Structure formats: C-alpha cells, structure tokens
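Take a look at the letters that make up each chain.
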Amino acid sequence: MLTSIIKRDGRVVIYDRNKIKMAILKAMEASGSTDFEKADLVTQAVEQHFNMQNSYATPSVEEIQDQVEHELMASGLDNVAKRYILYRASRNTIRERKSKLVKVFDEITFSDALDSDVKRENANIDGDTPMGTMLKYGSESAKDYFLKFLLSPDQAEAHRDGYIHIHDFDFYALTMTCCQIDLIKLFKGGFSTGHGFLREPNDIQSYSALACIAIQSNQNDQHGGQSIVNFDYGLADGVRKTYKKLYLKNIAKVCDVLGENVSYEQLKEMSAAITERCGAMPKITPDKTYVALELEELKKLCKDPAVAEKAQKFALEKTEDETDKATYQAMEAFIHNLNTMHSRAGAQTPFSSINYGMDTSDEGRMVMKNVLLATDAGLGHGETPIFPIQIFRVKEGINYNPGERNYDLFQLAIKVSAKRLFPNFSFQDAPYNLKYYNPDDVRTEIGYMGCRTRVVANTYDPNNEITYGRGNLSFTSINLPRLAIEAKGDEDLFYRNLKKYLDLCVKQLMDRFAIQKKKRVRNFPFLMGQGVWIDSEKLGIDDEVGEVIKHGTLSVGFIGLAETLTALYGKHHGESEEAQKKGLEIIGFMRRILDEYSDRFKLNFSLLATPAEGLSGRFVRIDKKRFGEIKGVTDKEYYTNSFHIPVSFEISAYDKINLEAPYHALTNAGHITYVEMDGDVSQNLEAFEAVVRCMKEAGIGYGAINHPVDRDPVCGYNGIIGDVCPRCGRRDGEGVPLEKLHRLGLYKHLNAATLGQCGNQFEEADRIPNKI
Amino acid sequence: MTYNPDTQMVGEGVKFERIRRITGYLVGTVDRFNDGKRAEERDRVKHDPTKC
C-alpha cells in the first residue's frame, strides 16, 4: 500500500493524494484542458502502479512524479503532461539555484575581482570595495528572487537558458532605465534632491555644480546611465548670468576706483530697469539700445560723466574674457566632479552623458568650447576623463562645413576626441534623425544616452516626438546566434523561432511594464518628483506613473548578427554581399514585428543594437557548452556586439562604416558604430575628420573612433605607449632612476627624502602643460 | 609615487594606464573588463581610414 513517501531531503512523510491531484489540476489549467475529472483517474492509476509493485519500498518524490508523467501520457493528456514536465523542471532548477546562489555569495565574499568574472560584470563598479560587494549581494539575491517568483515559467526558462537576456534584471521590479534630462526645465525656479532644496542657480559655477547633482540624483532613481540632452542650451543661461554679474561688477569697480559712489546694488537696479524698458541686458555681443540707455543712466548716477563712459568701456572690454575664464573653471569642475562623485551607496561613479553641438548663441558656444578644452586638459594629473560621455551633434548648416557658425567647435571636437576618445559624434542629418527635427523646437534635436540608447519617435503621443524628458523603460536581448545554430541552415525555422522569441520578449517587457506602471511618484523623488520625466510635473506625489511612462520605450535588442549569419549562411556580412542582404532582412524583420506591436498597443516598442557588456561572454559560454566549438560562431570568448562587423576582421574604415550604416536606420532604440584607428591620431587630424565625415555621409546615426590612449603615471606621459614609455623609457612596472626624471625636468622639487614623504603626490609644478 | 631608496628608482611596480572603450564607456584599465570583453579588446584590428 502507498502510505508514505521519501522527500528530497530524505525525510519520510505520510502520503497525501491531494498533492498529486492538485499538481495535475494546475497543469490542466495551464494547458487549457478541461478534463478535470481525469485528474482523479490519473491519481488512482499512479497509486495502483505503486500498490501493484507489491514491494514494501517507499517511493521517492521523483519516482512518483515520473509515474504521473507516464500516466498523463498514457491517458492521452499530452499537453497536460508537457505542462507538468515544464513545471517540474522549473521547480528543479529553482532548487538548484538555491545552492547556486550560495556559491555566488561564496565567490563574492572570498575572491578578488581579478579572479572573479562575477565581480567584473560591470567595469565601472569596483567589486573589491565594501559597497561594491554589498551591492553585489543585493543584486544577486534580487535576481534569484525575480527569476523564481516574478517571471512566468517560459520567460524564466528562456532567460536562464540564454535564449534571451533580460537586462538590469536585478532591478526588474524596481525602476526604469534612463532619462534625457532637460536642465532648463529642471533649474527653473530651483529644485529639490529629496535631501534639500536648491535655489535656481545664478552663475555658471552653480549651474555646473547643479548639473552634476542632477545626474547623481537621477542615477539613484533609475538603473541605467543618465544623460543631459541640452548641455549647450542648458548651461548657456549660467554664462548669461555670470556675464551680467561680472559686467556690472566691473562698472562698479571702475566707479569705485575713480571716486564715484555707485554700488553694485544700485547698478543691478539700474540694469533691471533698462531691461524692463528695452528687453535687453548686458551680454557678450552687446545690444546697442541697451548700451546707449545704460550710458544715459550711468551718467545720471555718476558725478563725472567721463567716469560713466570709462566704466562702461572697461566693462564692455573685459567682461567677456573673465566670463570665459569662469566658464572654463566651471567646466573643469564639472568634469572633475563627474569623475569623482559617487552614487549607489558609493560604489559607482554615475554613468553620465552630455549632448551638445547645435546651440549657436555666444553663451552656448562658450560652454561647448570650454567643456572641450577642459576635457583636453584632462584631470588633475592629466589623466583622460572617463566621464561624462560627450556627444557632439553634427549638423549641416550649423557646424559641419567651413563658414558655418559652429564649424570651429566641430574642429575642436575632432581635436579633443583624437586625444581623449570623447566626444563621440551624433548625426542630426541621418534621415531617420532628420525626420523628427524641427529647427524651431530644440527638443526635437537628436539625443543619445552614452552607450547608444535613442528615444525620439512616440507612438503613444505623436505630438511629443521629442528627446527631452524621455528615456528607455527596459530592454531584453535575443541570442540570435543560438537561434541560427538551432535552425541548422533551415531559414524558415530560424524565422519562426525568431518570431517566437520576439513575441516572448514583448510579453515579458509588457509584464515588466505592468510592474513599473504601478509605481508612484514617491518612488522616484527626483525623476518624477522634480518633473524631470516628461509630464510627471502634472502628477501628485501619490499618483501612479503608469500613464506618463508610456512616453518611454520598451526595447528588444540583439547580439551577434555576424555569428548568426555565419551559422546560417557560412559567411558574415563583412565577407559577402549576400550575407549583408540577409543580415538586413533579419534586422528588418525584427523591426517590422516591433513596429506592429507599437501600433497595436500604442506603446513605444523599439529595436536596440544591444551594447552587451556582460552578455557578450555569457551567451557564447552557454552555447559553446551546448553545441561545441563552431568555427566563426562559438570559437571566441564573446559574441560580436549587435550588428558590428567582427572586431578581428580585416576591413577598411570606409567599408565598415558603409556596411553598418543601414542597420542604424533599423535600430531605432539605439546604435553605434566604432572605427579603430592606429597610431597617434592626434598627429593626423585630417584622417580622423575624414572618418567622421564618412560616417555622416554614410547615414550613421551615432559613431565613435577608438584609438590607443595610454598614460604613464610615473612621468605623466599621455599618448601611445608600446612596451616602453617614450618619455622616461621604463617598461610596465619598472622603476626609473630619480636622476633621469630630474634630467627630464620632472620631480625637480623632489629628492630621495621628500619623495618618500610625498607618497603619491605628483607635483603640480612638474606637470607638462597640455598645449591646446 | 613609490621610491626605492636602495636602487634609487621611482615607480617600481606602477603599471601603465591603458584607457579603452567598452560598450561605449571608457575604462581606466583593462584589468576591470570581464573575461569576454577582455578577449574582445585583444582581438580588435585597426581599420585603414585611407578610403574615407
């Protein structure tokens, strides 16, 4: 008689037939079967089987489940059996994961980041610090919980088995990815960080400080990087205010020196009154009416009218230069802050990006020039700044051709990028970017988030096809090479499975969206509470964000188009025109499906060329285990980034750009093309510019050029270092004789005694100034 | 900066910094790349710009 069973942990418990029956009923429900009375019959059959065995051995849970499967199929309930098996498998892996989680914790606790891939999952988080480690525990446990309890079994299985990858999975039920911050809107009237109120800034210094705080605050409300969409227009107001302040102070100074009793406060009142009358104020390119009216008023204030003239002349001559210097200092501080400030429990420097390039005002130009010069100069010891990612908007008529107003800034951007890797270049004239552009509305200028994310179209609200205040909600990538390998050359099968996983991803994004939708403004004190996200200013603190986040995008990404094409057709798109055609068909197919979903749900589904930092290694590891080493597919340690031509493939920059450009038009959630240049490109700016122009002409949306940037901390050399440092002649890790450094004009204030005391101090005086 | 009084050498054990771009972000040293990306960086070849 079946009276007891052995549980997995070895305990013997009393047999309960209801447990079998309930499991069968659940499987029936999931498969849509209504033969509920058969649940009883199957249970009886299972009992009969064990009773008939005529043995006194107590069966185990596993043996009973095997028998249930057998009986379900024997009764013709194939679909129910399938559900039962799936459920059983998922429970098994969940149990397995319990112990896996413990193993991960062991790794986090006891190994160095150098030896642990888990701890290097994100290159910008220091996995060895206490806060970095703490975040890792949280992140790994959250993933475990979400996988077990929030995902549907088919989604969990697809994610676990590496068919899809749900990005930022540790934040699954918490927040959204990113947002393009509009500084003008944020600063107007001041804002609150949740820890205190900040007044509307009044000079460029505080503008730049508050811009950093905005990025930092928002980074704590979202799981992705943060971007300022209008760095030029946004900070130009700060320059305007600084100019006005310095201008009036200059007048006051001259008056004071020449014995007039005119205070700065009086001048402020005077200036405000003139602005009231003529609408103009002191600015870099002086307004003639203002200047004339001001002189009249100044003469009334001064005893000696000649002093009034002198004072105004002095202010008109000197203030621009002073404002320029103040702006440089503000930009320098901005970059230094972004490279040293911390977010997320102190473990991470905020991922920051800034977009600029098209503001043609004097003040906006001053901001851009100085942020570029400060980037060129580098950090305290001349190091290349890691943050922010800078994105220079290239636009014909504004900065692309000689004679255009911002052409000088485009040239400077090229020069700085050739030395510091930033800025990257975004192209407003690419047809799919130009189509949204309205010269009368700066909010339609294209914006990219650092790594590539792009949001502009708006199916939910076609009146708001803008970049400001919007961002991505979440994204999930498909393992394209896996589908290609499994299709074994059968194109139809590949497309059927691709459709299947696109549908699955859309369903999963919708499920995640349903969770995000229920969040309230109070969950995002900065992003929503301060009106950073579009329309959030219309909500109260306890309102749900469901409606306003519909402005965001839900994106499906992909990785390894090159390996996919190789698996399906034997060659990748760099090797054959036919493969390129096929590649565009695959990516075009994905885009079409997502467009259909957008129309159907009136939401913004979009297609992403996934950046895939951790993912590039993860997918291929699983696939290599499953399918073995397949030449050109699983034979490397990574899958190729999105639609890129494989990094190891010999190809000219021109061909690479032109092969990749058509994919930019299809990947509306974001894309980037890289060109790798050799040697010291700062000595070959013509070639560098030619590559940028080539990108623009080919219809690239967003591009960047990689080149070696090395630095020797011992002598401060910045440039390319092969095996030997060109300045001090040492090899990696070797020492340099102090005497030799002295001969090079370095460390000249230091000797054997003071070097020890100074520790890591690198004397300011010893630095070689960076020529601009 | 490290200084070894015995050898009168500066900077022993100090490594060169090699700034590289990984998925859009710059990283100060490849030491912090994960295994896949480290391999990817190693395999990168240069693109001849002359046709541009």
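Owing to the predicted nature of the structure, the values given are computational and were not obtained by experimental measurement.

Overview of the pattern of salt bridges
Residue and element names in this part refer to chain A.
Turning to step 1, where the next piece is worked out: All chains considered together, the criterion is met by 56 salt bridges over all chains.
Turning to step 2, where the next piece is worked out: Between Arg-88 and Glu-62 there is a salt bridge, with its nearest N and O atoms 2.7 Å apart. Of this pair, Arg-88 sits in helix α4 (residues 78-110) while Glu-62 sits in helix α3 (residues 61-74), placing them 26 residues apart in sequence.
Turning to step 3, where the next piece is worked out: Overall, Arg-88 belongs to the buried group, its relative accessible area being 9%.
Turning to step 4, where the next piece is worked out: As a salt-bridge pair, Glu-660 and Lys-656 come within 2.9 Å of each other at their nearest N and O atoms. One end of the pair is Glu-660 and the other is Lys-656, both in helix α21 (residues 653-666) and four residues apart, which spans about a single turn. Residue Glu-660 shares its accessibility class with Lys-656, and that shared class is buried.

Topic: helix α5 (residues 130-149) of chain A
Turning to step 1, where the next piece is worked out: Here α5(A) is 20 residues long and its end C-alpha atoms lie 29 Å apart, about the 28 Å a rise of 1.5 Å per residue gives.
Turning to step 2, where the next piece is worked out: Along α5(A), the positions that sit buried rather than exposed are Gly132(A), Thr133(A), Lys136(A), Ser139(A), Glu140(A), Ala142(A), Lys143(A), Asp144(A), Phe146(A), Leu147(A) and Lys148(A).

A look at the environment of Arg443(A)
All names here are of chain A.
Turning to step 1, where the next piece is worked out: Mapped onto the elements of the fold, Arg-443 is located in the loop between α15 (431-434) and β11 (472-479).
Turning to step 2, where the next piece is worked out: Between the C-alpha atom of Arg-443 and that of Tyr-468, which follows or precedes it by 25 residues, the distance is 5.6 Å.
Turning to step 3, where the next piece is worked out: Excluding residues within four positions of it along the chain, Arg-443 makes contact with Asn-464, Ile-466, Thr-467 and Tyr-468.

Some remarks on the interface of chain A and chain B
Turning to step 1, where the next piece is worked out: Contacts between the two partners involve 82 residues from chain A and, on the opposite side, 43 residues from chain B.
Turning to step 2, where the next piece is worked out: Summed over both sides, the interface between chain A and chain B buries roughly 5400 Å², with carbon and sulfur atoms accounting for 57% of that surface.
Turning to step 3, where the next piece is worked out: Between chain A and chain B we count six salt bridges in total.
Turning to step 4, where the next piece is worked out: Linking Asp655(A) and Lys51(B) is a salt bridge whose minimum nitrogen-to-oxygen distance equals 3.0 Å.
Turning to step 5, where the next piece is worked out: Between the two partners, chain A and chain B, sit 24 residue pairs in polar contact (both at pLDDT 80 or more).

Quick notes on the sheet that holds strand β2 (residues 9-10) of chain B
Turning to step 1, where the next piece is worked out: Here we have three strands laid out as an open sheet, ordered β18(A)-β2(B)-β1(B), and antiparallel in their pairing. Looking at the sheet topology across the chains shown, the edges are occupied by β18 (736-737) of chain A together with β1 (3-4) of chain B.
Turning to step 2, where the next piece is worked out: Sheet topology note: the β1(B)/β2(B) ladder contains two bridges and is antiparallel. Following the sheet pairing, Asn4(B) is matched in β2(B) by Met9(B).

Re a nonpolar patch on the surface
Turning to step 1, where the next piece is worked out: Together, Tyr145(A), Phe149(A) and Leu150(A) line one region of the surface with nonpolar side chains, adding up to about 310 Å² of accessible area.
Turning to step 2, where the next piece is worked out: Secondary-structure assignment places Tyr145(A) in helix α5.

So, the domain arrangement of chain A
Turning to step 1, where the next piece is worked out: Assigned domains of chain A: these are domain 1 (4-85), domain 2 (150-177 + 453-671), domain 3 (235-328) and domain 4 (724-772).
Turning to step 2, where the next piece is worked out: The gap between the C-alpha centroids of domain 1 of chain A and domain 3 of chain A is 89 Å.

Considerations on the sheet that holds strand β16 (residues 709-711) of chain A
Turning to step 1, where the next piece is worked out: Strand order in the open sheet formed by four strands is β17(A)-β16(A)-β3(B)-β4(B), with antiparallel pairing between adjacent strands. Here the strands that pair on one side only, and so sit at the sheet edges, are β17 (718-719) of chain A together with β4 (25-27) of chain B.
Turning to step 2, where the next piece is worked out: Bridging between β16(A) and β17(A) involves two bridges; their strand directions are antiparallel. Each bridged residue has a counterpart across the sheet, and for Asp710(A) the counterpart in β17(A) is Gly719(A).

Thoughts on empty space enclosed by the protein
Turning to step 1, where the next piece is worked out: If you walk through the whole model with that rule in mind, you get three cavities of 30 Å³ or more.
Turning to step 2, where the next piece is worked out: Taken as a whole, the largest cavity spans an internal volume of roughly 140 Å³.
Turning to step 3, where the next piece is worked out: The set of elements that each furnish at least two residues to the lining of the largest cavity consists of β14 (673-676) of chain A together with α1 (35-43) of chain B.
Turning to step 4, where the next piece is worked out: Residue composition of the lining of the largest cavity, grouped by class: three nonpolar, five polar and six charged.
Turning to step 5, where the next piece is worked out: Estimates place the volume of the second largest cavity at around 40 Å³.
Turning to step 6, where the next piece is worked out: In terms of lining residues, the second largest cavity is bounded by Asp182(A), Lys185(A), Leu186(A), Gln530(A), Gly531(A) and Val532(A).

Brief notes about the pairing of strand β13 (residues 604-609) of chain A
Along any regular strand, the residues point their side chains to alternate faces of the sheet.
All names here are of chain A.
Turning to step 1, where the next piece is worked out: The element β13 is extensively covered by neighbouring structure, given that six of its six residues are classed as buried.
Turning to step 2, where the next piece is worked out: Neither face of β13 is left uncovered, since the one carrying Asn-604, Ser-606 and Leu-608 and the one carrying Phe-605, Leu-607 and Ala-609 both have all their residues buried.
Turning to step 3, where the next piece is worked out: The pairing of strand β12 (residues 553-559) with β13 spans six bridges and is classified as parallel. Within the sheet, the bridge partner assigned to Val-556 lies in β13 and is Leu-607.

Notes on the environment of Arg482(A)
Residue and element names in this part refer to chain A.
Turning to step 1, where the next piece is worked out: Tracing the backbone through its elements, the reader meets Arg-482 in helix α16 (residues 480-487).
Turning to step 2, where the next piece is worked out: For Arg-482, a relative accessible area of 0% translates into the label buried.
Turning to step 3, where the next piece is worked out: Spatially, the C-alpha atoms of Arg-482 and Phe-627 are 9.3 Å apart, while their sequence positions differ by 145 residues.
Turning to step 4, where the next piece is worked out: Not counting residues up to four positions away in its chain, the partners in contact with Arg-482 are Asp-161, Gly-162, Tyr-163, Ile-622, Asp-623, Arg-626 and Phe-627.
Turning to step 5, where the next piece is worked out: Here Asp-161 takes part through its backbone oxygen, which lies 2.8 Å from a polar atom of the side chain of Arg-482.
Turning to step 6, where the next piece is worked out: A distance of 2.5 Å separates a polar atom in the side chain of Arg-482 from a polar atom in the side chain of Asp-623.

Remarks on the state of the cysteines
Simply put, the disulfide is a covalent bond whose two ends are the sulfur atoms of two cysteines.
Turning to step 1, where the next piece is worked out: The full count for this structure, using the stated rule, is zero disulfides over all chains.
Turning to step 2, where the next piece is worked out: Here Cys278(A) is not cross-linked by a disulfide; its sulfur's nearest cysteine counterpart is in Cys302(A), at 19 Å.
Turning to step 3, where the next piece is worked out: Accessibility expressed as a relative area gives 27% for Cys278(A), which makes it partly exposed.
Turning to step 4, where the next piece is worked out: No disulfide involves Cys52(B); its sulfur sits 3.4 Å from the nearest other cysteine sulfur, which is in Cys694(A).

Points about unusual backbone geometry
Residues and elements named next belong to chain A.
Turning to step 1, where the next piece is worked out: The omega torsion of the bond from Phe-387 to Pro-388 falls at -5 degrees, within 30 degrees of zero and hence cis.
Turning to step 2, where the next piece is worked out: In this structure, Pro-388 sits in the loop between α13 (362-377) and β9 (389-394).
Turning to step 3, where the next piece is worked out: Even without being glycine, Leu-421 reaches a positive phi, approximately 75 degrees.
Turning to step 4, where the next piece is worked out: For Leu-421, the position within the fold is in the loop between α14 (407-420) and β10 (424-427).
Turning to step 5, where the next piece is worked out: Owing to a relative accessible area of 1%, Leu-421 belongs among the buried residues under this scheme.
Turning to step 6, where the next piece is worked out: Phi is positive for Asp-535, close to 70 degrees, though the residue is something other than glycine.
Turning to step 7, where the next piece is worked out: Relative to the helices and strands, Asp-535 is located in the loop between α17 (491-517) and β12.
Turning to step 8, where the next piece is worked out: Judged by relative accessible area, Asp-535 falls into the buried class, the value being 17%.

A closer look at the side chain of Thr667(A)
All names here are of chain A.
Turning to step 1, where the next piece is worked out: As for its placement among the helices and strands, Thr-667 is situated in the loop between α21 and β14.
Turning to step 2, where the next piece is worked out: Its relative accessible area of 0% is what places Thr-667 among the buried residues.
Turning to step 3, where the next piece is worked out: Discounting chain neighbours no more than four positions away, the residues touching Thr-667 are Phe-558, Ile-587, Leu-607, Leu-608, Ala-609 and Phe-643.

Description of the packing of aromatic side chains
Residue and element names in this part refer to chain A.
Turning to step 1, where the next piece is worked out: Inspection of the entire model under this criterion finds 28 aromatic pairs over all chains.
Turning to step 2, where the next piece is worked out: On the numbers, 6.2 Å between centres and 50 degrees between planes, the contact of Phe-231 with Tyr-356 is tilted. Highlighted residues: Phe-231 in helix α9 (residues 231-257) and Tyr-356 in strand β8 (residues 352-356), separated in sequence by 125 residues.
Turning to step 3, where the next piece is worked out: Residue Tyr-356 is classed as buried on the basis of its relative accessible area of 0%.
Turning to step 4, where the next piece is worked out: An aromatic cluster is built from Phe-231, Phe-334, Tyr-356, Phe-392, Tyr-400, Phe-410 and Phe-425, whose rings are joined through pairwise contacts.
Turning to step 5, where the next piece is worked out: Above the plane of the ring of Tyr-264 lies Lys-249, whose end atom (NZ or CZ) is 5.2 Å from the centre.

About the criteria used
- Residues numbered from 1 in each chain as written.
- Chains lettered and ligands numbered in written order.
- Predicted model: local features only at pLDDT ≥ 70, side-chain atom pairs only at ≥ 80, totals over all residues.
- Heavy atoms only, no water.
- Salt bridge = Lys/Arg side-chain N within 4 Å of Asp/Glu carboxyl O.
- Helix = DSSP H or I, 4+ residues; strand = E, 2+ residues; numbered from the N terminus.
- Buried < 20%, exposed > 50% of the residue type's maximum accessible area, 1.4 Å probe, protein only.
- Expected span 1.5 Å × (residues − 1).
- Contact = heavy atoms within 4.5 Å.
- Buried area = accessible area lost by both parts, 1.4 Å probe.
- Polar contact = N/O pair within 3.5 Å; in protein donor to acceptor, adjacent residues only side chain to side chain.
- Pairing = 2+ DSSP bridges.
- Patch = residues over 30% accessible without salt bridge, like charges linked within 9 Å, V, L, I, M, F, W, Y side chains within 5 Å.
- Areas by Shrake-Rupley, 256 points an atom, 1.4 Å probe, with all protein chains shown as cover.
- Domains from an automatic or database assignment.
- 1 Å grid on protein atoms, 1.4 Å probe; cavity = no way out; pocket = protein on both sides within 12 Å on 5 of 7 lines; lining within 4 Å.
- Points joined across faces, edges and corners; volume = space filled by probe spheres on them.
- Nonpolar A, V, L, I, M, F, W, Y, C, P; charged D, E, K, R; others polar.
- Disulfide = S-S within 2.5 Å.
- Phe/Tyr/Trp six-rings, centres within 6.5 Å; stacked < 30°, edge-to-face > 60°.
- Lys NZ or Arg CZ within 6 Å of the ring centre and 35° of its normal.

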